[in-house]
Amino acid sequence: MPPLAILTLILQIGCAIHVVRSGREYYWIFIIVFIPLLGCAVYIVTQILPELRTSRGVNRAGNRLLKAVDPERELRRLKDQLALSDNIDNRLALADECHQAGRLADAAELYQTCLSGPFANDPHILLKLARVQFDDQAADAARATLDRLKTANPEFRSSDGHLLYAKVLEKLGDKEQALAEYAALSTAFPGEEARVRYGLLLESLGRSDEARAQFEQTLLRARRAPRYYRRKEKHWIDRARAQLS
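Keep in mind it's a predicted model, so treat the numbers as computed, not measured.

Q: Quick question: what am I supposed to make of the overall build of the chain here?
A: The helix and strand inventory of the chain stands at 15 helices and 0 strands. Taking 18 Å as the expected radius of gyration for a compact globule of 245 residues, we find that the chain reaches 26 Å, considerably beyond that expectation. Counting only C-alpha atoms, the chain reaches 75 × 55 × 30 Å along its principal axes. Burial status across the chain gives 35% buried among its 245 residues. Put simply, 43% of the contacts in the chain that link residues at least 6 apart link residues at least 24 apart. Per element, the accessible surface of the chain, about 14900 Å² overall, is 56% carbon and sulfur. Between the centroid of the 36 positive side chains of the chain and the centroid of its 31 negative side chains there is a distance of 7 Å.

Q: Can you help me understand the packing of helix α6 (residues 88-100) against helix α7 (residues 104-114) in this one?
A: For any two helices packed against each other, one specifies the crossing angle of their axes together with the interaxial distance. Running from N to C, α6 and α7 point in directions that differ by 160 degrees, and their axes come no closer than 8 Å. Classed by the angle they form, the pair α6 and α7 counts as roughly antiparallel. Of the two possible hands of crossing, α6 and α7 adopt the one that is left-handed. Across the interface between the two elements, Ile88, Arg91, Leu92, Leu94, Ala95, Asp96, Cys98 and His99 from α6 touch Leu104, Asp106, Ala107, Leu110, Tyr111, Thr113 and Cys114 from α7. The residue makeup of the contact of α6 with α7, split by class, is 10 nonpolar, 2 polar and 3 charged.

Q: I'm lost on the packing of helix α12 (residues 193-204) against helix α15 (residues 234-244) in this one. Help?
A: Orientation of α12 relative to α15, taken along the N-to-C sense of each, is 30 degrees, at an axis distance of 9 Å. In terms of orientation, α12 lies roughly parallel with respect to α15. When you trace α12 past α15, the crossing you get is left-handed. In this structure, α12 contributes Glu193, Val196, Arg197, Leu200 and Glu203 to the contact, and α15 contributes Trp236, Arg239, Ala240 and Gln243. In terms of residue class, the contact of α12 with α15 is made up of 4 nonpolar, 1 polar and 4 charged.

Q: Please explain the nonpolar core as it appears in this structure.
A: One recurring pattern in soluble globular proteins is that nonpolar side chains are buried together. In this structure, Leu94, Tyr111, Ile125, Leu146, Leu164 and Tyr182 are the most contacted members of the largest nonpolar core, which totals 48 residues. Residue contributions to this core peak at 7 residues, all from helix α8 (residues 123-135). With residues up to four places along the chain from it excluded, the contact list for Tyr111 reads Leu92, Ala95, Asp96, His99, Ile125, Lys128, Leu129 and Val132. By size, the runner-up hydrophobic cluster in this structure holds 7 residues, among which are Val19, Trp28, Ile32 and Ile48.

Q: Honestly, a nonpolar patch on the surface in this entry has me stumped. Any pointers?
A: On the surface, Tyr27, Phe30, Val33, Phe34, Ile35, Leu38 and Val42 cluster together into a nonpolar patch covering about 730 Å² of accessible area. Those elements that provide at least two residues to the nonpolar patch are α2 (27-34) and α3 (36-53). At 4 residues, the largest contribution of residues to the nonpolar patch is made by α2. Mapped onto the secondary structure, Leu38 falls in helix α3.

Q: Sorry, what's going on with the packing of aromatic side chains here?
A: The relative placement of two aromatic rings is captured by the distance of their centres and the angle of their planes. Under the criterion given, the structure shown has 3 aromatic pairs. When the ring of Trp28 is compared with that of Tyr43, the centres are 5.2 Å apart and the planes differ by 65 degrees; the resulting orientation is edge-to-face. Placement of Trp28 in helix α2 and of Tyr43 in helix α3 is noted, with a sequence separation of 15 residues between them. By relative accessible area, which is 0% here, Tyr43 ends up buried. Here the aromatic cluster, defined as three or more aromatic residues joined through ring pairs, consists of Tyr27, Trp28 and Tyr43. A cation sits over an aromatic face here: Lys150 above Tyr165, 4.0 Å from the ring centre.

Definitions and limits used
Residues numbered from 1 in each chain as written. Predicted model: local features only at pLDDT ≥ 70, side-chain atom pairs only at ≥ 80, totals over all residues. Heavy atoms only, no water. Helix = DSSP H or I, 4+ residues; strand = E, 2+ residues; numbered from the N terminus. Rg over C-alpha atoms; globule rule 2.2 N^0.38 Å. Buried < 20%, exposed > 50% of the residue type's maximum accessible area, 1.4 Å probe, protein only. Contact = heavy atoms within 4.5 Å. Areas by Shrake-Rupley, 256 points an atom, 1.4 Å probe, with all protein chains shown as cover. Lys, Arg positive; Asp, Glu negative; His and termini not counted. Charge placed at Lys NZ, Arg CZ, Asp CG, Glu CD. Axes fitted to C-alpha atoms, helices over the stretch in contact; angles between N-to-C directions. Parallel < 35°, antiparallel > 145°, perpendicular 65-115°, else oblique. Left-handed = near helix turned anticlockwise from the far one by under 90°. Nonpolar A, V, L, I, M, F, W, Y, C, P; charged D, E, K, R; others polar. Core = buried A, V, L, I, M, F, W, Y, C linked by side-chain atoms within 4.5 Å. Patch = residues over 30% accessible without salt bridge, like charges linked within 9 Å, V, L, I, M, F, W, Y side chains within 5 Å. Salt bridge = Lys/Arg side-chain N within 4 Å of Asp/Glu carboxyl O. Phe/Tyr/Trp six-rings, centres within 6.5 Å; stacked < 30°, edge-to-face > 60°. Lys NZ or Arg CZ within 6 Å of the ring centre and 35° of its normal.

As structure tokens, then:
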């Protein structure tokens, strides 16, 4: 059989399987079978490609590929966008991208410029700034920013912010206070990081039995959790397992 015929047959089979699995009308199978190349082309263009364009997974994969090929592409686009319209949304978008790209000083400066007027003590911007400061090894500055956030926004609640505060305290050597924060988070944080960090800090303080209990709790939760949770929390589950081995 000629290579083109084999390729056409494989394409027909693939399109027919897609018709069945996606629940599309069966008349597509007749088009695919009786008008081989043209039928497959029409089906792919009208049915498969639009589906791919709206797929979050495909879009994420495409974005990752673009970033790997041209890491600065999104930064350039957001800089151009800010130059055209200097508003807080565009500044925050660029700051977020700078943070993700590892340009921590640029990100911190942009977040600082957003903290003015009605946004002078915005808790979400302050939290972003504190996260950048912590990542930039400026734990003192991060603590000051988080203290400012708490003072200006006493009703604000954020599990990520609470965890960041505990990490900042630990980084600054205030281990007892960090321990108290981790203890509070260990039963409330939506994930395993707080619990495992609590166990690691207990271990470093010589409280091995208490630390072991935290790691065992993480593994118990992992066994009972759905697959997507285990996948999301894999790093911390692995850390807990390593501590018990």
